[in-house]
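Secondary and tertiary structure notes
Residue-level listing of the chains:
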Amino acid sequence: MQKNYKPHPNSFKNTFCVFHEVLPDAVEGLKVQFESKAGSSYYYTQEGMYRLSNHWGRLANSKWRLIAMEPETASKYKIGFAKWDCFYPDNATEKLYYLEMDQAKNTVNYQHKMNPDYNQKAVLRNSLETTKRIKQIRNLLELTSWVRHYDCDDISLLRKLIIEELIYTDKSLEEIKRETAEKVSSSLG
């Protein structure tokens, strides 16, 4: 029999959390302890929270992301689990976030500075600055028209150089592109 564990109702307001997808059998025998108006179900345990939902990302006043299983499950509804100590404070003004590039998947995401994996090297930014940098990086990854301004055929090298600067410095994209163009042309000359 499940012992009823109930966190304080305001525990999740203004939080950032990364959930990891689990299979449905993880919540077998657990009782739904809260159901949102949007249709998400919440199961609380001593260790953490399970959330069954078809929407992840920005939720009311929090940012909750789901890392899907590989291979990804077919269901639109996913169950995610997060330990209680993985809920970090969030607000729009503090520099709480850093960017993380997944080279293998060719994707970029943001993480919280309280994440134990934070290497203290990536620049911390507030939410707005973080969103702007993510958009710039995704454009570099998805588009190729910007490459014509470089005297270099290796687009993957250019992307890597520019994206690293976007993650590890506060330089503007224009400044980074200019410096990268200078580096590339001096290495060819």
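Structure shown above.
Everything numeric in this text was worked out from a predicted model, so none of it was measured.

A count of helical and extended segments in the protein gives three helices and ten strands. In sequence order, the protein lays out its α and β elements as β-β-β-β-β-β-β-β-β-β-α-α-α. Expressed as lengths along the three principal axes of its C-alpha atoms, the size of the protein is roughly 75 × 35 × 30 Å. Per-residue burial for the protein yields a buried fraction of 40% across its 189 residues. Across the protein, the fraction of contacts at a sequence separation of at least 24, relative to all contacts at a separation of at least 6, is 64%. Charged side chains of the protein number 28 positive and 25 negative; the gap between the two group centres comes to 6 Å.

With that settled, the discussion passes to the side chain of Ser62. Along the chain, Ser62 turns up in strand 6 (residues 62–67). Here Asn14 takes part through its backbone nitrogen, which lies 3.4 Å from a polar atom of the side chain of Ser62. With sequence-adjacent residues up to four places away left out, Ser62 is seen in contact with Phe12, Lys13, Asn14, Thr15 and Gly57.

Okay, the pairing of strand 3 (residues 41–44) next. Of the two faces of strand 3, the one carrying Ser41 and Tyr43 and the one carrying Tyr42 and Tyr44 are both buried. Of the strand pairs in this sheet, strand 2 (residues 34–35) and strand 3 are connected by two bridges, and their pairing is antiparallel. Note on strand 3: the bridge partner recorded for Glu35 is Ser41. Across four bridges, strand 3 lies against strand 4 (residues 48–53) in antiparallel orientation.

A few words on the packing of aromatic side chains. All told, the structure shown has 18 aromatic pairs when counted by the stated rule. Linked through ring pairs, Phe12, Phe19, Phe34, Tyr42, Tyr44, Trp56, Trp64, Trp84 and Phe87 together constitute an aromatic cluster. The ring of Trp56 is capped by Arg51, whose NZ or CZ atom sits 4.4 Å from the centre of that ring.

Over its 16 residues, helix 1 (residues 127–142) runs 22 Å from end to end, which matches the ideal 22 Å to within 8%, given 1.5 Å per residue. Those residues of helix 1 not exposed but buried are Ser127, Thr130, Arg133, Ile134, Gln136, Ile137, Leu140 and Leu141. Between the side-chain oxygen at the start of helix 1 and the backbone nitrogen of Leu128 there is a gap of 3.1 Å, and the oxygen is on Asn126.

Before going further, it helps to spend a moment on helix 2 (residues 155–168). The terminal C-alpha atoms of helix 2, which comprises 14 residues, lie 20 Å apart, in line with the 20 Å expected from a rise of 1.5 Å per residue. When we look at burial in helix 2, the residues that qualify are Leu158, Arg159, Ile162, Ile163, Glu165, Leu166 and Ile167.

This paragraph deals with the environment of Leu173. With respect to the helices and strands, Leu173 occurs in helix 3 (residues 173–188). Exposure remark for Leu173: the relative accessible area of 12% places this residue in the buried category. The spatial distance from the C-alpha of Leu173 to the C-alpha of Lys78 is 36 Å, given a sequence separation of 95 residues. Excluding residues within four positions of it along the chain, Leu173 makes contact with Gln136, Leu140, Ile162 and Leu166.

Among the nonpolar cores identified, the biggest contains 28 residues, and Ile137 and Ile162 are the most heavily contacted of them. For this core, the elements supplying multiple residues, two or more each, are strand 1 (15–22), strand 9 (97–102), strand 10 (107–112), helix 1, helix 2 and helix 3. Residue contributions to this core peak at five residues, all from helix 2. With residues near it in sequence (within four places) discarded, Ile137 still touches Leu99, Met101, Val108, Ile163, Leu166 and Ile167. Counting residues in hydrophobic clusters, the runner-up holds twelve residues, among them Tyr42, Met49, Ala82 and Trp84.

Conventions and cut-offs
Residues numbered from 1 in each chain as written. Predicted model: local features only at pLDDT ≥ 70, side-chain atom pairs only at ≥ 80, totals over all residues. Heavy atoms only, no water. Helix = DSSP H or I, 4+ residues; strand = E, 2+ residues; numbered from the N terminus. Buried < 20%, exposed > 50% of the residue type's maximum accessible area, 1.4 Å probe, protein only. Contact = heavy atoms within 4.5 Å. Lys, Arg positive; Asp, Glu negative; His and termini not counted. Charge placed at Lys NZ, Arg CZ, Asp CG, Glu CD. Polar contact = N/O pair within 3.5 Å; in protein donor to acceptor, adjacent residues only side chain to side chain. Pairing = 2+ DSSP bridges. Phe/Tyr/Trp six-rings, centres within 6.5 Å; stacked < 30°, edge-to-face > 60°. Lys NZ or Arg CZ within 6 Å of the ring centre and 35° of its normal. Expected span 1.5 Å × (residues − 1). Core = buried A, V, L, I, M, F, W, Y, C linked by side-chain atoms within 4.5 Å.

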